[in-house]
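# Overview (structure and organization)
One-letter residues, chain by chain:
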Amino acid sequence: MKSIVNYLFLISILFITCNTSIAQDSLIGHWEGEDQGEVGNIHFNKNGIALFIFNNDTLGGDSFTIGGHEAYLKYTVEYSEEIHALDFIIYLKDNDVEVGRIPCIIRFENEDNIFVCMNFNDESRPTTFDEGDTILMTRIPLEKNE
């Protein structure tokens, strides 16, 4: 009986680990959405770097300038709940000091669509997907040669 309990425990740990890994890999890629008639993109790479592109302006990536300083934009995601906590974090390149954070929540509708709710007003994380602050993002398939 003890070996069955150990076996079930091991399987449940593997299941949880695999599901978290699948969710993390699900976010990696290029996503596109529309907000107030403007199309924007968010790129999530496997190294935790994010890049925003709105109206041909870029913010983020592994090197950009903010306030005259070189910076980079990382993202972190907490996958433990159905609604995932997502943070975009701006760091200065020369000393890795955090200088800004955009708290968000995301929810996967399916493997190709996510809802993203961002709070640009203050440092508090949204708790619901309010219509005015939520964007439906659709995965952009990568070309085979990329």
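What follows concerns the sheet that holds strand β2 (residues 38-44). In a beta sheet, neighbouring strands are held together by backbone hydrogen bonds and run either parallel or antiparallel to one another. Read across the sheet, 10 strands follow the order β4-β3-β2-β1-β10-β9-β8-β7-β6-β5 without closing on themselves; strand pairing throughout is antiparallel. Taken across any chain shown, the strands that pair with only one partner, and hence form the sheet edges, are β4 (57-60) and β5 (64-66). Strand after strand, the sheet turns through a mean of 35° between neighbouring axes, direction not considered. Bridge analysis of strand β7 (residues 84-92) against strand β8 (residues 98-110) gives eight bridges, and the strand direction is antiparallel. Opposite A85, over in β8, you have I105 as the bridge partner.

Turning our attention to the packing of aromatic side chains. Per the counting criterion, the structure on display carries five aromatic pairs. Measuring from ring centre to ring centre gives 4.8 Å for F44 and Y75, while their planes differ by 80°; the resulting arrangement is edge-to-face. Of this pair, F44 sits in strand β2 while Y75 sits in strand β6 (residues 69-78), placing them 31 residues apart in sequence. For Y75, a relative accessible area of 11% puts it in the buried group. An aromatic cluster of three or more residues is present, and its members are F44, F52, F54, Y75 and F88. Above the plane of the ring of F129 lies R107, whose end atom (NZ or CZ) is 4.9 Å from the centre.

What follows is about the nonpolar core. In a soluble, globular protein the nonpolar side chains are often hidden away together inside. Judged by nonpolar contacts, the single largest core of 23 residues is most densely connected at L27, F44, Y75, L86, F88 and M118. Elements represented by at least two residues in this core include exactly β2, β3 (50-54), β6, β7, β8, β9 (113-118) and β10 (134-140). A per-element tally of this core places β6 first, with four residues. Leaving out residues up to four positions away in the same chain, F44 has contacts with L27, I28, G29, W31, I49, Y75, L86 and F88.

Rules used in this analysis
- Residues numbered from 1 in each chain as written.
- Predicted model: local features only at pLDDT ≥ 70, side-chain atom pairs only at ≥ 80, totals over all residues.
- Heavy atoms only, no water.
- Pairing = 2+ DSSP bridges.
- Helix = DSSP H or I, 4+ residues; strand = E, 2+ residues; numbered from the N terminus.
- Axes fitted to C-alpha atoms, helices over the stretch in contact; angles between N-to-C directions.
- Phe/Tyr/Trp six-rings, centres within 6.5 Å; stacked < 30°, edge-to-face > 60°.
- Buried < 20%, exposed > 50% of the residue type's maximum accessible area, 1.4 Å probe, protein only.
- Lys NZ or Arg CZ within 6 Å of the ring centre and 35° of its normal.
- Core = buried A, V, L, I, M, F, W, Y, C linked by side-chain atoms within 4.5 Å.
- Contact = heavy atoms within 4.5 Å.

Taken by themselves, the reported measurements are silent on function.
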